[in-house]
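Overview (structure and organization)
If you want the building blocks of each chain, they are given just below.
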Amino acid sequence: MRNKIFIIVVFVLILIVGLSIGWSLGRGKPGGDSYLGQNGNGGESQESVGAAQEDETLNKDGFSVMMPRGWKEVTAPTGVSAMVANAGEEISDPSLQKINFKSYYSVSYDALGERTIEEYINYIKDMVKQFAPGIVFSSEEDLNINGREAHKIEADLNQQGADFKVLIFLIRGNGSDIWNMSFNSGLGNWEKNAGEFKKIAESFIIK
C-alpha cells in the first residue's frame with residue numbers, strides 16, 4: 001500500500017497538481033493573498049521577488065536541495081517530502097493556463113524492501129503504466145549524484161489535452177532507503193527547464 005500511494009502521488013498527481021500549485025500561489029485563496037508555503041513572501045509580486053532572490057538551499061529532514069531563484073516551496077500533498085514550483089514561469093499553452101500549471105519538482109521517500117534496485121525500477125515503471133497508461137518512457141540511464149547510485153528516467157505524457165515531460169531520479173539512500181525526485185514541465189517549456197532540472201538534481205544531498 002505504501003508503494004501504491006507513492007506512485008499515485010508522484011505521477012497521477014500531475015493531473016491536478018496545476019490546480020494545487022495555482023491555489024498555493026494565491027489564485028485560490030480568498031482576498032487574493034499569496035500563500036507560498038514555508039518560504040512565502042506575502043503579497044509581493046513574483047517579478048520583484050524573483051529579481052531580489054538568489055538561488056537558495058531547501059533544507060528538510062533527511063535531505064537538502066537547491067531551490068532556484070524565483071522558485072517557491074508550495075504545500076506538498078500527503079506522502080511528498082517537498083514540492084517546489086517555478087512561481088514566475090510564463091505559460092503560453094492554453095491547456096496549461098486553464099489548470100494554472102507551473103513547472104515543479106517534488107521529493108518523496110520510499111524503501112526498497114526485499115527488492116533489488118533493478119527490480120524496484122521495473123516495479124515503478126509497471127505501476128506508472130497502470131496509473132498513467134499513456135505514458136511513454138523515452139530514455140533511461142544510470143548515474144551518480146553526490147556519491148549516490150541513481151537512475152534517471154525521462155518520459156512523455158499527455159493529460160487534459162496538454163503535453164508534459166516527466167523527469168524522474170531514483171536515488172539510493174542509506175540502507176534500503178530510496179529517494180525520488182520527480183520533475184514535471186509542459187512540453188513547450190522543456191528546453192528552458194531541462195538544464196535547471198539537471199542542476200537541481202545534482203544538488204540533492206542526503207543527510
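This text goes with the structure placed above it.
Numbering of residues starts from 1 in each chain and follows the order in which that chain's sequence is written. At least 70 in pLDDT is required for a residue's local features to be given in this predicted model, at least 80 for side-chain atom pairs to be given and counted, and no such filter applies to totals for whole chains, interfaces and linings, which use all residues. In computing side-chain properties, one takes all heavy atoms of the structure into account and sets aside hydrogens as well as water.

This part takes up the sheet that holds strand S4 (residues 82–86). The antiparallel open sheet is built from seven strands, whose spatial order is S3-S4-S5-S9-S8-S7-S6. Each edge of the sheet is formed by a strand with only one pairing partner; in this case those strands are strand S3 (71–74) and strand S6 (136–145). Strand-to-strand twist across the sheet, computed as the mean angle between neighbouring axes with direction ignored, equals 20 degrees. With ten bridges joining them, strand S7 (residues 148–159) and strand S8 (residues 162–172) adopt antiparallel strand pairing. Pairing between strands is defined by DSSP: at least two bridges between them are needed. A helix here means a DSSP run of H or I that spans at least four residues, while a strand means a run of E at least two residues long, and both kinds are numbered starting from the N terminus. Every axis corresponds to a line fitted to the C-alpha atoms, with the helix fit spanning only the stretch in contact, and the corresponding angles, defined between N-to-C directions, vary from 0 to 180 degrees.

Spatially, the three strands line up as an open sheet ordered S1-S2-S10, and their pairing is antiparallel. The open sheet is flanked by strand S1 (56–60) and strand S10 (205–206), the only strands paired with a single partner.

Take a side-chain nitrogen of Lys or Arg and a carboxyl oxygen of Asp or Glu: if they are within 4 Å of each other, that pair is a salt bridge. For the coordinates displayed, the defined rule picks out seven salt bridges. As a salt-bridge pair, Glu 73 and Lys 60 come within 2.6 Å of each other at their nearest N and O atoms. Highlighted residues: Glu 73 in strand S3 and Lys 60 in strand S1, separated in sequence by 13 residues. One connected set of salt bridges, linked through shared partners, spans Glu 154, Asp 156 and Lys 165.

On to the environment of Pro 68, then. As for its position among the elements, Pro 68 is in the loop between strand S2 (63–67) and S3. As for Pro 68 and Val 84, which are separated by 16 residues in sequence, their C-alpha atoms are 9.4 Å apart. The residues contacting Pro 68, other than those within four sequence positions of it, are Asp 55, Glu 196 and Ile 200. A contact between two residues is defined here by any heavy atoms of the two lying within 4.5 Å.

Counting buried residues in S4 gives five out of five residues, a clear majority hidden from the surface. Only protein chains enter the area calculation, which uses a 1.4 Å probe; residues under 20% of their type maximum are buried, those over 50% are exposed, and those in between are partly exposed. Across the two faces of S4 the burial is the same, with Ala 82, Val 84 and Asn 86 and Met 83 and Ala 85 all buried. Summarising the sheet, S3 and S4 pair through four bridges and their orientation is antiparallel. Bridging from a neighbouring strand, Trp 71 pairs with Asn 86 of S4. Pairing analysis gives four bridges linking S4 to strand S5 (residues 104–111), with the strands arranged antiparallel. Bridge pairing in S5 places Val 84 opposite Tyr 105.

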